[in-house]
Amino acid sequence: MENKMPEGFFWGNSTSSMQTEGGWNEGGKGQSVYDVDTAGRTAKNWQITIDNFHDYQHDFDLMKEMNMNMYRFQISWSRVVPDGDGDFNEEGIAFYSEMIDELLSRGIEPMICLYHFDMPLVLAEKYNGFLSRAVEEAFVRFGKEMMRRFSSRVKYWIVFNEHNLYFAEGFEHYSGVLKKELTVNDCYTVFHHTMLAHCELADFLHEISDAKIGGMLATTEVYPASTSPKDSLYLRKFDEFYNRNLCDVYAFGHYSDEVLTFIRNHKIEMDFQKGDELILERGISDFISFSYYRSVLLDATTLTDEDTPNFYLSKAMKLNPLLSHNRWGWSIDPEGFRNILNRIYREFGLPVFPIENGIGQDESWDGEHEIEDDVRINYHKKHIEAMKNAMFLDGVDVIGYLGWGLIDIPASGGDIDKRYGAVYVEPETLKRVPKKSFHWFKKVFGSNGDEL
Ligand code: BG6
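About the thresholds
Residues numbered from 1 in each chain as written. Predicted model: local features only at pLDDT ≥ 70, side-chain atom pairs only at ≥ 80, totals over all residues. Heavy atoms only, no water. Buried < 20%, exposed > 50% of the residue type's maximum accessible area, 1.4 Å probe, protein only. Helix = DSSP H or I, 4+ residues; strand = E, 2+ residues; numbered from the N terminus. Pairing = 2+ DSSP bridges. Contact = heavy atoms within 4.5 Å. Axes fitted to C-alpha atoms, helices over the stretch in contact; angles between N-to-C directions. Parallel < 35°, antiparallel > 145°, perpendicular 65-115°, else oblique. Left-handed = near helix turned anticlockwise from the far one by under 90°. Salt bridge = Lys/Arg side-chain N within 4 Å of Asp/Glu carboxyl O. Near = heavy atom within 4 Å. Polar contact = N/O pair within 3.5 Å; in protein donor to acceptor, adjacent residues only side chain to side chain. Areas by Shrake-Rupley, 256 points an atom, 1.4 Å probe, with all protein chains shown as cover. Nonpolar A, V, L, I, M, F, W, Y, C, P; charged D, E, K, R; others polar.

Right, let's get into the pairing of strand 4 (residues 156–160). Of all five residues in strand 4, five are buried; the element is thus mostly enclosed. With four bridges connecting them, strand 3 (residues 109–115) and strand 4 associate as parallel partners. Looking at strand 4, one finds that isoleucine 112 is bridged to tryptophan 157. Of the strand pairs in this sheet, strand 4 and strand 5 (residues 212–224) are connected by three bridges, and their pairing is parallel. Within strand 5, the residue paired with isoleucine 158 across the bridge is glycine 214.

Among the secondary structure elements, glycine 215 is positioned in strand 5. In this structure, the C-alpha to C-alpha distance between glycine 215 and histidine 198, residues 17 residues apart in sequence, is 7.9 Å. Leave out the neighbours within four places in its chain, and glycine 215 touches Ile158, His198, Tyr250, Ser285, Phe287, Ile288 and Ser289.

Put simply, helix 12 (residues 374–392) and helix 13 (residues 436–446) touch, their axes get as near as 8 Å, and they point 25° apart. Looking at the two axes, helix 12 sits roughly parallel to helix 13. Handedness of the helix 12/helix 13 crossing: right-handed. Residues Asp374, Arg376, Ile377, His380, Lys381 and Ile384 of helix 12 form the contact with helix 13, whose participating residues are Lys436, Ser437, Trp440, Phe441 and Val444.

Inspection of every chain in the model, using the stated rule, returns 31 salt bridges. Residues lysine 4 and aspartate 450 are paired through a salt bridge, measuring 2.5 Å at the closest nitrogen-oxygen approach. Here aspartate 450 lies in the segment after helix 13 and lysine 4 lies in the segment before strand 1 (10–14), a separation of 446 residues in the sequence. Take aspartate 450: its relative accessible area is 36%, and that puts it in the partly exposed class. Among the salt bridges present, the one from aspartate 271 reaches arginine 133, with a minimum N-O distance of 3.3 Å. With a gap of 138 residues between them, aspartate 271 in the loop between helix 8 (257–265) and helix 9 (276–282) and arginine 133 in helix 5 (residues 133–150) connect regions that are remote in the sequence. Connected through salt bridges with shared partners, the residues Glu363, Asp373, Arg376, Asp408, Arg419 and Lys435 form a single ionic network.

Take the site of the ligand next. As a matter of local geometry, the ligand sits amid Gln19, His116, Asn161, Glu162, Tyr293, Trp330, Glu356, Trp404, Ala411, Ser412, Lys418 and Tyr420. Contact between the ligand and asparagine 161: an oxygen atom at 3.0 Å from a side-chain N or O atom of the residue. At a separation of 3.3 Å, an oxygen atom of the ligand approaches a polar side-chain atom of tyrosine 293. Computed on the free molecule, the ligand has an accessible area of 370 Å², of which 91% lies beneath the protein chains in the complex. Residue composition of the shell around the ligand, grouped by class: five nonpolar, four polar and three charged.

This part is about the side chain of aspartate 373. Checked against the element boundaries, aspartate 373 lands in the loop between strand 8 (352–356) and helix 12. Assessed through its relative accessible area of 3%, aspartate 373 is described here as buried. At 2.9 Å, the side chain of aspartate 373 and the side chain of arginine 376 are in polar contact. If we ignore the near neighbours within four places in the chain, the residues touching aspartate 373 are Glu363, Gly421, Lys435, Lys436 and Ser437.

This paragraph deals with the environment of isoleucine 371. By secondary structure assignment, the location of isoleucine 371 is in the loop between strand 8 and helix 12. Once residues within four sequence positions are removed from consideration, isoleucine 371 is found in contact with Glu363, Ser364, Trp365, Tyr424, Lys435 and Lys436.

See below:
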């Protein structure tokens, strides 16, 4: 059996700007929804984070030392266009341009993400974010400019982080919508606007360069909670609406028939205008990327056909008693990872790219001894093994493997207790301290995945 990872396989780290940069009011940056207390977030957690605005060089050195050859980072829209749709801030653009050069000089391929939940505040307040077509247009303007500036040096792009979450209940603020209680119409409108933006930017990138662009999903492997046919029926439906509908656009340039039937039956208005069909058709992606952390169960007992399938999980999710879970109830399930790699590749035929994987742990450093994060080592080992099985036993075309936050960053809730890193970041001093897994990753990445 072939088991050598392909030459040029990517190994690396993945982050967002609001979880790494700090410098929230410096360098001409405008405010984003993360810089003020909105949607239950405490802004102060986001104002410093791990301070990459003032020093990313040392973190890039650590990434190089770990033998990484890719870093996925995000360009903060509000750093580059302070009010979202006005003048470009050249200082912000120069910040990212230098970052790209610093990565390339270390042999680390940059991957750019254009949006990771941090809507410029002005656009959130004035228009309710992606509910408005004006915001979609402002975003495309920003994205095109970044592509013009950087696509000769940056060959991998994604537009929206975890694109399916912009439609999930409880995640309204991810799309910059400050209005509470979104209607189903609102959700579909946000979804359609972001899909249009994705496709317009994919088309544009292909027009101006040879760089590649991917769709990006938040995946969670979901199993039926029982052998009841109803669990399987609703699980299939959930998958169609939550994952496959987006992949249909990325790979084939149209929405899923089943979703369109639901939209017609429920008379949903999603601001579908003349010409939109063509935009979707022209915006085919080159790969499908995704985050994967865990699996759950779907118990459909209380679901009916009146429920919106995108929201099934928030109504009917259960934990799997056969799996172990971390403190936050996130299970460890490498087989789920192998299943997802297979399903996306098999059904949509595009190369797949897991660009977020990892396990959150509550850790502290005693100032002396190395942090022994064997749970993390074991988690990544099992997931890389599962990925190799998907590649070599099942024939899946995988581009690379990026861990999430491999230098500690605050979690999505702003909580620094939940860490994913191979490098510990001391909360007060921001000192970087390699954990045991640092040496393990270095060996794995340096051997192109041979030495697990
Ligand atoms: C992804 C997000 O959902 O998961 C990240 O893209 C987030 O922003 C990561 O940090 C891990 O989730 P959490 O909630 O543990 O930080």
